[in-house]
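Fold and geometry: a report
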Amino acid sequence: MRPWEERDRDLFFEINSDPEVMEYFPFRRTREEADAFLDKLLKDQEKGIVFPALELREIGQCVGFCGLHVGDVEPHFPPGTVEIGWRLAKPFWGRGYVTEAALAALDYGFSELDLPEIVSFAVHDNHRSTAVMERIGMKRDAASDFDYVKIPDTHPDLKRHVCYRITARDWRKR
């Protein structure tokens, strides 16, 4: 995991426009939209916790992102809630990269940032992501499942999100 760099623009566009990668999102980003989003990440990473780029050391190439982010998912989570999330270019799926990086991100969040809890959420049917959440020790909190207000009504199948959590105490007990 590393900060975003200008050289990541092509990959960032690739993952944000790929129909399979973005299957559980109501939109695909155009090149201009992806560049604007990366510009925001480049700016925000100077101020706080944003999803970092995920680079494979062996090839020196960014393959997606995985890590922590201060979410903006009101009213479902209070301001300042830290979430863990990921998005990976399809050629790199199924190799354990997200699980490995997510475990490192949780360790960083609990050991270095002294966070009390980290959350994650995904569309109800996104079994690939929820499987990662379970592999990294997160537990489903069905009482916190929610209909995501930012998802337009034109995509009712993407509204329902499941919530997973892990506390610092549970992380240390692992």
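Residues numbered from 1 in each chain as written. Predicted model: local features only at pLDDT ≥ 70, side-chain atom pairs only at ≥ 80, totals over all residues. Heavy atoms only, no water.

**Considerations on the packing of aromatic side chains**
Here is the rule we go by: The aromatic pairing rule takes the rings of Phe, Tyr and Trp, using the six-membered ring of Trp, and pairs them if the centres are within 6.5 Å, calling planes under 30 degrees apart stacked, those over 60 edge-to-face and the rest tilted. Counting from the N terminus, the helices are DSSP H or I runs at least four residues long and the strands are E runs at least two residues long. Remark: exposure states derive from per-residue accessible area (1.4 Å probe, protein chains only) relative to the maximum for the residue type, with buried under 20%, exposed over 50%, and partly exposed in between. The criterion for a charge sitting over a ring is simple: Lys NZ or Arg CZ within 6 Å of the ring centre, and within 35 degrees of the ring normal.
With the rule as written, the count across this model stands at 11 aromatic pairs. Taking the centre distance of 5.7 Å and the plane angle of 90° together, the rings of phenylalanine 77 and phenylalanine 146 count as edge-to-face. One end of the pair, phenylalanine 77, is in the loop between β2 (61-70) and β3 (82-88); the other, phenylalanine 146, is in strand β6 (residues 146-147), and 69 residues separate them in sequence. Across this residue pair, the class does not change: phenylalanine 77 and phenylalanine 146 are buried. If you follow arginine 87 out to its NZ or CZ, it ends over the ring of phenylalanine 25, 4.5 Å from the centre.

**A word on the environment of tryptophan 171**
Keep this limit in mind: We call two residues in contact whenever any of their non-hydrogen atoms come within 4.5 Å of each other.
Structurally, tryptophan 171 can be placed in helix α5 (residues 168-173). For the pair tryptophan 171 and glycine 137, spaced 34 residues apart in the sequence, the C-alpha separation amounts to 7.5 Å. When neighbours within four sequence positions are excluded, tryptophan 171 is seen to be in contact with Leu103, Leu106, Asp107, Phe110, Ile136 and Ile166.

**Observations concerning helix α2 (residues 31-44)**
To keep things clear, this is the line we draw: What a helix is expected to span follows from its residue count: subtract one and scale by 1.5 Å.
If you check α2, its first and last C-alpha atoms are 20 Å apart, about what 14 residues at 1.5 Å a residue would give, namely 20 Å. Of the residues making up α2, those classed as buried are Ala34, Leu38, Leu41, Leu42 and Asp44. Where α2 is buried, its residues touch α1 (9-17).

**Things to note about the pairing of β2**
Note the cut-off: When DSSP finds two or more bridges between a pair of strands, those strands are recorded as paired.
Here β2 lies mainly inside the structure; 8 of its 10 residues are buried. Pairing of strand β1 (residues 53-56) with β2 involves 4 bridges; the strand directions are antiparallel. When the sheet's bridge partners are listed, leucine 54 is paired in β2 with glycine 64. What sits between the antiparallel neighbours β1 and β2 is a turn of 4 residues, in which glycine 60 has the positive phi angle 60°. Two strands pair when backbone bridges link them, and β2 and β3 are joined in this way by 7 bridges, in the antiparallel orientation.

**Re the pattern of salt bridges**
Going by this rule: By definition here, a salt bridge exists when the distance from a side-chain nitrogen of Lys or Arg to a carboxyl oxygen of Asp or Glu is within 4 Å.
Here the structure, examined in full by the defined rule, presents 21 salt bridges. The partner of arginine 7 in a salt bridge is glutamate 5, and the shortest N-O contact between them spans 2.4 Å. A salt bridge links arginine 7 to glutamate 55, with the shortest nitrogen-to-oxygen separation between them at 2.7 Å. Here the residue arginine 7 occupies a position in the segment before α1, and glutamate 55 occupies one in strand β1, the gap between them amounting to 48 residues. Residue glutamate 55 is classed as partly exposed on the basis of its relative accessible area, which comes to 25%. Linked by salt bridges that have partners in common, Glu6, Arg9, Asp10, Arg31, Asp35 and Asp39 make up one network.

**Observations concerning the side chain of histidine 161**
Quick note on the threshold: Pairs of N or O atoms are called polar contacts if they sit within 3.5 Å, as long as, within protein, a hydrogen donor faces a hydrogen acceptor (for residues adjacent in sequence, only side-chain-to-side-chain pairs).
Here histidine 161 shows up in strand β7 (residues 160-167). A distance of 2.9 Å separates a polar side-chain atom of histidine 161 from the backbone oxygen of lysine 159. Discounting chain neighbours no more than four positions away, the residues touching histidine 161 are Phe121, Ala122, Val123, His124, Asp145, Phe146, Tyr148 and Ile151.

**Re the packing of α1 against α2**
To keep it simple, the criterion reads: All axes are obtained by fitting lines to C-alpha atoms, using only the stretch in contact for helices, and the reported angles, taken between N-to-C directions, cover 0 to 180 degrees. For classification purposes, angles smaller than 35 degrees are called roughly parallel, those larger than 145 roughly antiparallel, those between 65 and 115 roughly perpendicular, and all remaining angles oblique. Note: crossing handedness is left-handed where the near helix turns anticlockwise from the far helix by less than a right angle, and right-handed where it turns clockwise. Three classes are used: nonpolar for Ala, Val, Leu, Ile, Met, Phe, Trp, Tyr, Cys and Pro, charged for Asp, Glu, Lys and Arg, and polar for all others, with Gly counted as polar.
At their nearest, the axes of α1 and α2 sit 9 Å apart, and the two run at 120° to each other. It follows from the interaxial angle that α1 and α2 lie oblique. As α1 packs across α2, the resulting crossing turns out to be right-handed. When α1 is examined against α2, the residues Arg9, Asp10, Phe12 and Phe13 are found in contact with a partner set consisting of Arg31, Ala34, Asp35, Phe37, Leu38, Asp39, Leu41 and Leu42. Within the contact of α1 with α2, the residues separate by chemical class into 7 nonpolar, no polar and 5 charged.

By themselves, these observations are geometric and do not establish any function.
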